[in-house]
Structure formats: structure tokens, C-alpha cells
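Coordinate analysis (summary)
Listed below are the residues making up each chain.
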Amino acid sequence: MSESLSHIDAQHLDDLALGSVFLATGGGGDPYVPKLITAEALKTFGPVKLLNPVDVADDAFIVPVGSVGAPTVSLELLPSVEDAARTLDAFEKYIGRPIDAVASFEIGGGNSVIPICAAAAKGLPVIDGDGMGRALPEAQMMSYPIGGVKPTPALAYDYAGNQATFETDNTETYERHIRAFSMAAGGMITAAEHAMTGRQLKDTVIPGTVSFSVALGRLLREKRGQADTLLKPLQELFKTSIYGECRLLYSGKVTDKTTRIIGGYDIGEATIEGFNGCNDPLMINIKNEYLLARQADKVRASVPDLITIVDYETGTPINAERLRFGQRVAVFATGCPEFYRSERALKVVAPRCFGFDIDYIPLEELLS
Amino acid sequence: MRIGIDVGGTHTDAVILDGDKILSATKALTSADVVGGIKHALDTLLLDASIKPERIQTVMIGTTQFTNAIVQRRELSRTGVIRIALPSGKGMPPMIDWPDDMRETIDADIHMIRGGYLYDGHPLAELCDDEIDAAIASFKAKKIANIAIASAFSPMNDAPERHVEDRLRQAMPEARITRSAQFGRLGLMERENAVIMNATLLPFADKVVSAFLGALKNRGLTCPAYISQNDGTLMSSDFVRHFPALTFSSGPTNSLRGAYKLTGLENAIVVDIGGTTSDIGVLQDGFPRESNVVVDIGGVRTNFRMPDILALGLGGGSLVSDSGKSVGPQSVGHKLVTDGLVFGGDQLTTTDIIVAAGQADIGDKNRVSHLSEVVIQTAKQTMRDMLDRSIEMMKPGGKDMPVILVGGGSLLVTEGLAAASKLYRPENAGVANAIGAAVAQVGGEAEKMVNYRITPREESVAEITQIAAKRAVAAGAEPTSIRTVDIEETAIPYMDEGATRVRIKVIGELAG
């Protein structure tokens, strides 16, 4: 098991962000800019306390906060340092009670650091854990609603300070509403939603992922090098974590990649051809995240297991919006937390939920 | 017949090529004014081959002057920056993540104003002429004439950048302006970084290009002169006055291309050992392998396409310490000829070790006779280990690959390298960069708005590739050598679904 941290300060941010890109499976948005604003916040307000979920009081009031939108947008529509804290201020005002701790929607990508930025400015602790253990494109795919947490009251805050509030019991409905607001507000907004008690948090959170992401980032930094040499250290780290299995699926060159912004998501696919040219190419389907990897119509890995594309030479994970024609890459797959293999979770995150006509088969049961 | 010149930080190399044949090659020191070094190199070159200047058809120049200026923080002019993106990005001003010393040197006058576009074509905010005028007044008061403009989503809609540029030009006709839309792809911060670096180099670019052209004219060379850019293609020297940033990685590109030309090896590792570093790159099918990750130049993130280079702190001037167990990264650099032991100095360098081992005859070998055999052998082993380890890191997984040694410091490699399947030390390796410049290629680019629902993607890509290829041929490329190097698609979602801007770049060998 990787070590649990008690605080997050500026020196953890680079590793946390790097690890979070690996766990983001191509989505989640590039954490580079969110990391910069979080560094500014930590510089101004000091380190943030990291709370192990088991230490949270049952009646504590926990609010997840993060960005909602299309990752490509975040390349151009920059966040402001104060967005996340203003979102929580507005949320507290809306519901009329103070927040005890901040949590993350998803550890993958920019939303790994946004809660830390908000918590720093508000002087609140942040939960060591998140609602996905990775990144996934829709709100109802979070462990919080899967475990019964209601999405609203919720509040969204856009780049210009415009606000919208939401009231609905159903997370699918909430997802459609907030997505529509996000699209109408420039494609990227900050939201506070799925507020819950400490008890609910303990029942639904994917625990320890902030500390794990820091450990993963440190490994990627220290062992920086060709994908083949990374495999063993990665396997050792993942084996003792909530993820388990880790495989190197494929190495090759990106020979085609198309994505478009459709309905508020980056949707498309990528083709990777082996360096020696004699293997069948690997096809990756993308909806914000890398969701499905197939080779000659055989499934090599699928959501909710994690598919991560890294730069072949350095092992640096590459976001879907930065994946380009001609890049030399390696594709890793890792298992997902057990929570996501339960029947109630697969109802919303199985491949069919993304329009792929296949059943979910856990990575370990697929031929490697 | 053509001349290739490489103007580096320390040396100016030049070659005359007749087709593939090297008629003459020379190496001179780069002079402080740049001109002297070029003139000196040209004199030796033309005299050596007894060729009349009028027989030269083209001159190609590769230079690291602009990269060095950024890395060494010199010749950087004070720059005005206008980012058009408020109210987004508050508290996140341009250059926020730049190294402090660079920010201080450029001392930019930064203005964040309202405007720009959203992904869906709606304005992010309305541009406000009062805000533009306030920035202009500030530039005027501070006498700033080099200005970088970047607005959100300008690759999709650059109207805000154009509007600001027009207003600036009316108020400050003498201003030199770079707009971020001229630097392509999405990624506001990286694109903005590129234009700021470009703008801050503009006065130096004038100086350097004028020096180049002056030196050529002075030596009777009136043929067209080109300067090589990042991707190994050529641009006219006038173009460089406006876009010096496009030369940033031409040094390593030329070195790799030169190594390919010298050996004919299409797939190999190229180790260019200089005074301070060994730059290790990979040739793939005769071209530099590109870096996949965001590349930083002088500590600044950019989105340029760059060759993948691993810089190892080992060169001919690297300091040797700890009885040979530690080598570099500190180096006496170009002061080797005064500070190294064999040259009468008091610093133990890698070059001294090789002289002491009796494997090079440079300077006064008596000055290193006191070095023990253990120190010599340990230092040599340390160097070999450093190179082997780095080469292994760059090698495509598990493959055996030959290694080509170029650069003045290649004498450091006295025996074989474990990581190399075969070691090549081509003749004229010292002028690989100049040869790389001389064999630089011609590019062609085409951009078009298409609708994939009307014209399917494959068809659209083929059509635009053909336009780009025609342009490359018109610019002098040999038609059969043309290949696609970049396909960039930017979906424009607010227009009809399927609307995409496609930009394709092809390159080919210079014909004849």
C-alpha cells in the first residue's frame, strides 16, 4: 500500500497532477493549469489538511466540487484562481449552512486538484479519496450517486461569475441539466453537487486516491523512461492498491485520431499501429476518456477498467486532447476499484452505457 | 551547387555541396558580431574549393542564435503582451509559469483585456476599445515596440486578435506585432508563450538576418538565402525577421539530418558531443524522431514540434572529479582552450583524461602525466556508462541500433559503446549541422474548411494533401520525395456538424 499523506502542499502538486493524468485514462482535462491556480492558492493560504474518510465524523457535511465540461475547452478557456472557492461560497449561501470538508468528483485530471484549490481558500480539509478512482464522462457514473447520494441541491458557476442552481432527485436528469448549462456557459463550469454526510461519504467514496495519485506520480517521475521498463514498477505499485492488475497492452505509433465536440463531450477514436507493422492495429474509442481498446475485434480492455496512453519514450501519460498523429505511444490497462465491478455500478458504467455492444469482462479474465 | 552554413554559439561551420558531394568544408569560431565568423568561413570555403561565388545557386543557413538567446536570456527586448480572454483566467496572467530570471529580463508590460471567443462561436466577452487603448497608451509611455497578442480560441476565430492588431498599427505604425493565431494549434498558454518569445526576439532577428545577408553579399553571394526551421524545412530569410521562434530546434534537426546524409543510415542513434553536453537524438527513416510531450525551451512551455533530444551533461569541457567517478555536468565550455590542464589551465576536464590516456594529441600532454592510471580508467568508464545508459533510454525498445558520433567532443569515445550495435564516425562529422542545413527540405502547407458530411474525411484529407504537395513542388520540392508530416484537424462545432478546419503539412527534398 502506498503511504497516506496528512497534508497536501505545493511540493506534492507536480506528482499529484502527473499521477492524476495516468488515472484520467485520457479524460479529465489537462491538470497543468488547475495545478498552477492551486499552487497560487496554496502559496497564499498554506497547506491543506488531507482527511482519511474513516476519520470523518458521521454527521459532517461534505461537498464535492470540480469542473464540468469538455477537456478541449480547458486548453483555451482558462480558469480563474477564485472560481472554485467562489463556487463554494455561493453554494453555502444557497443552502444556508457551512461546509465541513471538500471532496473530489474524480481523481483523474484537473478535478484532482480543484478541490484542493477551493479547500485552501476556504480553510477547509479535503477528503483523501474521490468519486470515481479515475475519470468518467458523466455525473451518474460517480460512486456517490451509485451509492445513493442525491445530486442536488447543486450550484454551477461559470467563467464570468454567472450562477445556476439545480434541484432534482435524479442524477441522470441533473447530468443533462448541468451539461446543458456548461455548454451554454462556454463549455467549462465549476460545480458543487452531491453534498453528503460523513456516513454517506464512508459508504460511497473510493478511498485513498489522492495519496495514491501522489505515489503514482512520484513513480512516473522517478522511473521516467521507456514504457517497457515502467511496467514492472507500475505492476508493483498497482498490485497492492485498490486497482490490482496492470498490463502493457500495446506499443506503436498513432496513425489516425479524430475527435469532435458533440453534445458537450470529446467523441472519437484513435488507431495505433505496432512499430514492427506486423501486429493488428489497436483501436481506441474515446468519449472524453479512452473507453475501449480493441485489436482485430478482440477486446483488450474496456471501461470501467482503466486504459491509459503514455508517451512511449518517457512514460508520460497523454490526454486524449493532446494525442496526435505520429506520436509513439504505449497503452496500459489497469483494473478498476471493486466498487465499479458491483452490479449497481455496472448498470451505469458497463461498455453498453457508452453505446458499445459488448459485455464487461474484467481485465484479468481477458487474454493478455 | 549550394552552401550550407551553421551558425552556432561557439562555431560557424560551412560546406559546399554539389549534389551529394562535399566539395569543401570548414569550421571557424563564431564572432561576437556573427558577420566576421561567416565571412571567415566563406573565404576559407570558396578559396579551398576554388569556386567562384556566382556558381553558388543557394545558401542555406541553420542557426541556434535565437535558441541560445532565449536559454541565455540575452538580446531579449522588452515586450508588450495583450491577452484577450477576460473574465476567464483571472489571477493567471501570461508568463505566470515562466522562470523568474526570464520574466525579469523581458520585463513584459502585460495587459489582460476582455474579449475572445468560446468554443461554440459565441463571444467570450465583448472587446472594449477603451481597454485596448489603455494598453496602447502604456506601450507608448514605456516605448515598447514589440508586441504579442493572444486571444482565447483564436485558431478558430482570430477576429479579436486582428482587431487589436489593427488598432495597434493605427496608433503605433512602427510596432512589431506577433499574433498567436499565426502559431497554430489549440492551447492558449503554450501559443501565447510562443508569441511572447517570438516578439521579444524581433529586434535581434533583424540584427542577425541583416548580419547573415550582409556577410553573404560582402562575399559576392547574391543567390537566394534560406534559413532552416524547426521541422527541417526552409524559410526565406525575410520570413525569419518576423518569425525567429520558428528556428528554435533547427540546430538538433540539422545535426540529425547531417548525420543521416553523411552515413546514409536511415535508422540510427545520433550522439552529438559538444563542449558541455552530448545531445542524443534518434533518426527514424532518415528524419528526427519527434518529441511527444510538451517541450520547454529555456524553461518555458511551448507547443512547437521538436525533435526528441536527450541532453546529457557530458562534453569535451566537462569537469572530472572524485577520482574519475564523477563527470560533469559542470563544464568549462568554450574556455576549454584556456582552462583545461593540457592548455595550461588548472581544471581537470574529460579532454585531459583522453590526452593522458594517450588517445588524443591535444595541448601539452606533460601537464597531465601526473594523473594515475586508476583515475584515467575510472573516468573513461564513467563516461562510457553515462553514454550507454542515455543511449539505451533513447533506443526504440530492445532493438539493436548503430550509433553515429558527431561533434567536436566525439574524441571522448575511445572504445566502442555497449549500447551501439556498430559505431560510425563519419568523415566531416564536425560539420554535420552545416550539411544538415544544406540538405534541408522544402515544405508545403494547405488549410481548408471542409464538411465531412459532404466530403468524407479520407477524401478531404487526400484533396488537401494534394494542394500542399503542389505548393511544395512549386517551392522547389522533388515530387516523388514528398511525404505528409502533419495533419491537424480543428472541429468547428458551432457551425454545421461535421465542419472542420484541416491543416496539412508535407515536405520533400529540394529538387536538382
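Residues numbered from 1 in each chain as written. Chains lettered and ligands numbered in written order. Predicted model: local features only at pLDDT ≥ 70, side-chain atom pairs only at ≥ 80, totals over all residues. Heavy atoms only, no water.

Residues and elements named next belong to chain B. Strand order in the open sheet made by the 3 strands is β21-β23-β22, with antiparallel pairing throughout. Only two strands of the sheet have a single partner each, and these edge strands are β21 (442-451) and β22 (483-491). Here the strands of the sheet are splayed against their neighbours by 15 degrees on average, with no regard to which way each runs. In this sheet, strand β23 (residues 499-508) lies alongside β22 in antiparallel orientation, the contact comprising 8 bridges. Following the sheet pairing, Thr-490 is matched in β23 by Arg-501. Set on the sheet, helix α13 (residues 457-474) makes contact with β21, β22 and β23; between it and β21 the angle comes to about 145 degrees. (Pairing = 2+ DSSP bridges. Helix = DSSP H or I, 4+ residues; strand = E, 2+ residues; numbered from the N terminus. Axes fitted to C-alpha atoms, helices over the stretch in contact; angles between N-to-C directions. Contact = heavy atoms within 4.5 Å.)

Quick look at the packing of aromatic side chains now. Applying the stated criterion across every chain yields a total of 10 aromatic pairs over all chains. Aromatic pair Phe166(A) and Tyr174(A): ring centres 5.6 Å apart, planes at 90 degrees, arrangement edge-to-face. Overall, the relative accessible area of 8% leaves Phe166(A) in the buried class. Judged by relative accessible area, which is 0%, Tyr174(A) ranks as buried. Both rings, one in Phe239(B) and one in Phe243(B), keep their centres 4.9 Å apart while their planes meet at 40 degrees; by these two values the pair is tilted. Relative accessible area serves as the criterion here: at 35%, Phe239(B) is assigned to the partly exposed category. Lying across the ring of Tyr32(A), Arg301(B) places its NZ or CZ 3.4 Å from the centre. (Phe/Tyr/Trp six-rings, centres within 6.5 Å; stacked < 30°, edge-to-face > 60°. Buried < 20%, exposed > 50% of the residue type's maximum accessible area, 1.4 Å probe, protein only. Lys NZ or Arg CZ within 6 Å of the ring centre and 35° of its normal.)

Turning next to the domain arrangement of chain B. Residues and elements named next belong to chain B. Annotation of chain B at the domain level lists domain 1 (2-68 + 207-263), domain 2 (79-202), domain 3 (310-431) and domain 4 (442-508). With centres defined by C-alpha atoms, the gap from domain 1 to domain 2 works out at 33 Å. At the surface where domain 1 touches domain 2, the tally comes to 0 salt bridges. Where domain 1 touches domain 2, the interface holds 3 residue pairs in polar contact (both at pLDDT 80 or more). A per-class count over the side of domain 1 that touches domain 2 returns 6 nonpolar, 1 polar and 1 charged. (Domains from an automatic or database assignment. Salt bridge = Lys/Arg side-chain N within 4 Å of Asp/Glu carboxyl O. Polar contact = N/O pair within 3.5 Å; in protein donor to acceptor, adjacent residues only side chain to side chain. Nonpolar A, V, L, I, M, F, W, Y, C, P; charged D, E, K, R; others polar.)

Okay, the pairing of strand β15 (residues 298-302) of chain A next. Residues and elements named next belong to chain A. Across 4 bridges, strand β14 (residues 289-295) lies against β15 in antiparallel orientation. In the sheet register, Arg-294 faces β15, and the bridge partner there is Val-299. Taking the residues between adjacent antiparallel strands as the criterion, β14 and β15 are bridged by 2 residues, where Ala-296 takes a positive phi near 50 degrees.

Turning our attention to the environment of His370(B). All names here are of chain B. Positionally, His-370 belongs in the loop between α10 (350-356) and α11 (373-394). On the basis of relative accessibility, which here comes to 57%, the residue His-370 falls in the exposed class. Sequence separation between His-370 and His-111 is 259 residues; the distance between their C-alpha atoms is 62 Å. Engagement of the side chain of His-370 in a polar contact is seen with the backbone oxygen of Arg-367, the distance being 3.4 Å.

Attention shifts here to the confidence of the model for chain B. Put simply, chain B has an average pLDDT of 88, and 97% of its residues get 70 or more. Overall fold confidence (pTM) sits at 0.83, and the ipTM for the predicted complex is 0.84. (pLDDT = per-residue confidence, 0-100.)

So, on to the sheet that holds strand β2 (residues 11-18) of chain B. All names here are of chain B. With respect to topology, 6 strands assemble into an open sheet ordered β3-β2-β1-β4-β9-β10, the strand pairing being mixed. Looking along the sheet, the strands with just one partner apiece sit at the ends: β3 (21-29) and β10 (234-236). Within this sheet the neighbouring strands show an average axis-to-axis angle of 25 degrees, counted without direction. Its contacts with the sheet place helix α1 (residues 35-48) against β1 (2-7), β2 and β3, and it is angled at close to 145 degrees to β3.

Further remarks concern the domain arrangement of chain A. Residue and element names in this part refer to chain A. Each domain of chain A was delimited in the assignment, giving domain 1 (7-209) and domain 2 (225-365). Each of domain 1 and domain 2 has a C-alpha centre, and the two are 24 Å apart. Contacts between domain 1 and domain 2 engage 40 residues on the former and 38 residues on the latter. One can count 2 salt bridges joining domain 1 with domain 2. Salt-bridge contacts for Glu-138 lead to Lys-287; the nearest nitrogen and oxygen are separated by 3.0 Å. The tally of links between domain 1 and domain 2 comes to 14 residue pairs in polar contact (both at pLDDT 80 or more). For the side of domain 1 that touches domain 2, the per-class residue count stands at 19 nonpolar, 14 polar and 7 charged.

Below, the discussion takes up the pattern of salt bridges. Residues and elements named next belong to chain B. Under the counting rule described, the total for this entry stands at 48 salt bridges over all chains. One salt bridge connects Asp-101 with Arg-73, and the closest N-O pair in it is separated by 3.0 Å. Of this pair, Asp-101 sits in helix α3 (residues 100-106) while Arg-73 sits in the loop between α2 (65-71) and β5 (79-86), and the two are 28 residues apart along the sequence. Residues Asp-107 and Arg-78 are paired through a salt bridge, measuring 3.2 Å at the closest nitrogen-oxygen approach. Here the residue Asp-107 occupies a position in the loop between α3 and β6 (109-114), and Arg-78 occupies one in the loop between α2 and β5, the gap between them amounting to 29 residues. Judged by its relative accessible area of 32%, Arg-78 is partly exposed. Here the residues in one salt-bridge network are Asp-158, Glu-161, Arg-162, Glu-165, Arg-169 and Arg-179, joined through shared partners.

Our focus in this paragraph is unusual backbone geometry. Pro87(B) follows Leu86(B) through a cis peptide bond whose omega is 10 degrees. Mapping Pro87(B) onto the fold places it in the loop between β5 and α3. Cis rather than trans, the peptide bond between Gly328(B) and Pro329(B) has omega equal to -5 degrees. Backbone geometry at Ala296(A) places phi at a positive 50 degrees, although glycine is not the residue there. On the basis of relative accessibility, which here comes to 48%, the residue Ala296(A) falls in the partly exposed class. Not every positive phi belongs to a glycine, and Asp107(B) is a case in point at roughly 45 degrees.

The next point concerns helix α5 (residues 159-171) of chain B. All names here are of chain B. In this model, α5 (13 residues) spans 18 Å end to end at C-alpha, consistent with the 18 Å of a helix rising 1.5 Å per residue. All buried positions along α5 are accounted for by Pro-160, Glu-161, Val-164, Glu-165 and Leu-168. Looking straight down α5, one finds its buried side chains confined to an arc of 135 degrees; they lie on one side. Where α5 is buried, its residues contact β5, β6, α4 (129-141), β7 (146-151) and β8 (176-179). (Expected span 1.5 Å × (residues − 1). Arc of directions from axis to C-beta.)

A few words on the interface of chain B and chain A. Many descriptions give the size of an interface as the accessible area lost when the pieces come together. Taken together, the contact pairs 51 residues of chain B with 42 residues of chain A. Note on chain B versus chain A: buried area summed over both sides is about 3,700 Å², and carbon and sulfur give 55% of it. Linking chain B with chain A are 4 salt bridges, by the criterion used here. In this structure, Glu190(B) engages Arg322(A) in a salt bridge whose closest nitrogen and oxygen atoms are separated by 3.4 Å. Applying the counting rule to chain B against chain A returns 15 residue pairs in polar contact (both at pLDDT 80 or more). Sorting the residues of the side of chain B that touches chain A by element identifies α6 (188-218), α11, β22 and β23 of chain B as the ones contributing at least two each. Taken together, the residues of the side of chain B that touches chain A sort by class into 23 nonpolar, 11 polar and 17 charged. (Buried area = accessible area lost by both parts, 1.4 Å probe.)

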